[in-house]
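# Observations on the three-dimensional arrangement
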Amino acid sequence: MLTIESFCLGPLQTNAYLLTNEDGKGIIIDPGMKPGALIKRITNLNLDIEAIVLTHAHFDHMGGVEEIRKLKGCPVYLHDLESEWLTSPKLNGSLNWSQVTEPLFTDAAEYDLAEGQQLELIGHRFDVYHTPGHSPGSVSLLCGNDLFAGDVLFRLGVGRTDLYGGRERDLMDSIHNKLFKLNDEVKVYPGHGPRTTIGYERSNNPYV
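What this report covers is the structure whose coordinates are included nearby. For every chain, the first residue of the written sequence is number 1, and numbering continues from 1 along that sequence. Totals for whole chains, interfaces and linings use all residues, but because this is a predicted model, local features are given only for residues with pLDDT of at least 70 and pairs of side-chain atoms are given and counted only at 80 or more. The side-chain numbers reported here are obtained from all heavy atoms of the structure, hydrogens and water having been left aside.

### Some remarks on the nonpolar core
The biggest cluster of nonpolar side chains holds 25 residues, and the ones touching the most others in it are Leu18, Leu38 and Leu54. To qualify as a helix, a DSSP run of H or I must reach at least 4 residues; to qualify as a strand, a run of E must reach at least 2; elements of each kind are numbered from the N terminus. Those elements giving two or more residues to this core turn out to be strand E1 (3-9), strand E2 (14-20), helix H1 (36-45), strand E4 (48-53), helix H2 (59-62), helix H3 (65-72) and strand E5 (76-79). Of the residues forming this core, the biggest block, 3 residues, is contributed by H1. Residues count as neighbours in contact if any of their non-hydrogen atoms are within 4.5 Å of one another. When neighbours within four sequence positions are excluded, Leu54 is seen to be in contact with Asp30, Pro31, His61, Met62, Val65, Val76, Tyr77, Leu78, Leu86, Leu113 and Val139. If you look at the next biggest cluster of nonpolar residues, it comprises 19 residues, including Leu2, Ile27, Ala51 and Leu113. Residues enter a nonpolar core if they are buried and are Ala, Val, Leu, Ile, Met, Phe, Trp, Tyr or Cys, with the set joined through side-chain atoms within 4.5 Å. Type-normalised accessible area, obtained with a 1.4 Å probe on protein chains alone, sets the label of each residue: buried when under 20%, exposed when over 50%, and partly exposed for intermediate values.

And the structure:
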């Protein structure tokens, strides 16, 4: 049994996801800035956090990594194309957004993510899809019929491609040739905004 909770964090309203099983173990996907509500939930449940998994390393998705990693002693997973981004405010973008954050950085990830990888975490399998376009190392994670898509695909929208390493052609390829190959009923948990499904976006998303 997998329980999924979402937390809208920081000034950019980034969705962080807390996934837990019945044994009191959990993982966190994209712990964003100002993670107080997420940390409070983890602490209240006395969860054993097995891992932090990042769909990509933009500052609004990794802003809570340092605090949570120190609190729970858990490793971080990130695609190797963004292996230097956690340690570099310039690469993760926080240096250029001084109006919303101070420069953010933390230690490098302990583990790399790659296309076709299967992670076994909290008793569940997560299939890794490399879905670049919004950023070069963006990944989407599929667990059963639940897809954690980061900033690749939103409800009636797609990720921006004007940031460092973004490329519109890659984004469209990721959506059409990877995500839209999934079943209609797959639920999409995006990096911002409400949940949607693959079928709904395939039929209604004006950008794709």
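### A closer look at helix H5 (residues 168-177)
Looking only at H5, the buried set comprises Leu171, Met172, Ser174 and Ile175. Seen from one end, H5 has its buried residues packed into an arc of 160 degrees, which puts them on one side. The elements touched by buried residues of H5 are strand E8 (124-130), strand E11 (153-154) and strand E12 (157-158). In this description, the arc belongs to the directions extending from the helix axis to the C-beta atoms.

### Comments concerning the pattern of salt bridges
When charged atoms on two side chains of opposite charge get close, those side chains can pair. Salt bridge, as applied in this entry: a Lys or Arg side-chain nitrogen positioned within 4 Å of an Asp or Glu carboxyl oxygen. A complete count under the given rule lists 10 salt bridges for this structure. A salt bridge links Arg41 to Glu5; its shortest N-O distance comes to 2.9 Å. Highlighted residues: Arg41 in helix H1 and Glu5 in strand E1, separated in sequence by 36 residues. For Glu5, a relative accessible area of 18% corresponds to the buried category.

### Quick notes on the state of the cysteines
Count a disulfide wherever a pair of cysteine sulfur atoms falls within 2.5 Å. This model, assessed by the stated rule, comprises 0 disulfides. Left unpaired, Cys74 is separated from the closest cysteine sulfur, that of Cys143, by 18 Å. Residue class for Cys74 comes out buried when judged on its relative accessible area of 2%.

### So, the sheet that holds E2
Taken together, 6 strands build an open sheet; the order of strands is E1-E2-E3-E4-E5-E6 and the sheet is mixed. Every interior strand has two partners, whereas the edge strands, E1 and strand E6 (111-113), have only one. Across the sheet, the axes of successive neighbouring strands diverge by a mean angle of 25 degrees, strand direction being ignored. Both E5 and E6 contribute to a ladder of 3 bridges, which runs parallel. Here, any two strands with at least 2 DSSP bridges between them count as paired. Angular values range over 0 to 180 degrees, each being the angle between N-to-C directions of two axes fitted as lines to C-alpha atoms, with helices fitted over their stretch in contact.

### Quick word on the side chain of His58
With respect to the helices and strands, the residue His58 is situated in the loop between E4 and H2. Counting of polar contacts relies on pairs of N or O atoms within 3.5 Å, with two restrictions inside protein: one atom must be capable of donating a hydrogen and the other of accepting it, and residues adjacent in sequence are counted only when both atoms are side-chain atoms. Polar contacts involving the side chain of His58 include one to the side chain of His56, which spans 3.4 Å. Residues contacting His58, with those up to four places away along its chain left out, are Trp85, Asn92, His134, Ser135 and Leu163.

### Notes on unusual backbone geometry
A positive phi angle is found at Asn46, which is not glycine, with a value near 50 degrees. Turning to its location among the elements, Asn46 is positioned in the loop between H1 and E4. Assessed through its relative accessible area of 64%, Asn46 is described here as exposed.

### Details of the environment of Asp173
Position of Asp173 among the secondary structure elements: in helix H5. Assessed through its relative accessible area of 39%, Asp173 is described here as partly exposed. Residues Asp173 and Trp85 lie 88 residues apart in sequence; the distance between their C-alpha atoms is 24 Å.

### Remarks on H3
Within the span of H3, buried status applies to Val65, Ile68 and Arg69. Looking straight down H3, one finds its buried side chains confined to an arc of 100 degrees; they lie on one side. Along its buried surface, H3 packs onto strand E3 (25-29), H1, E4, H2 and E5.

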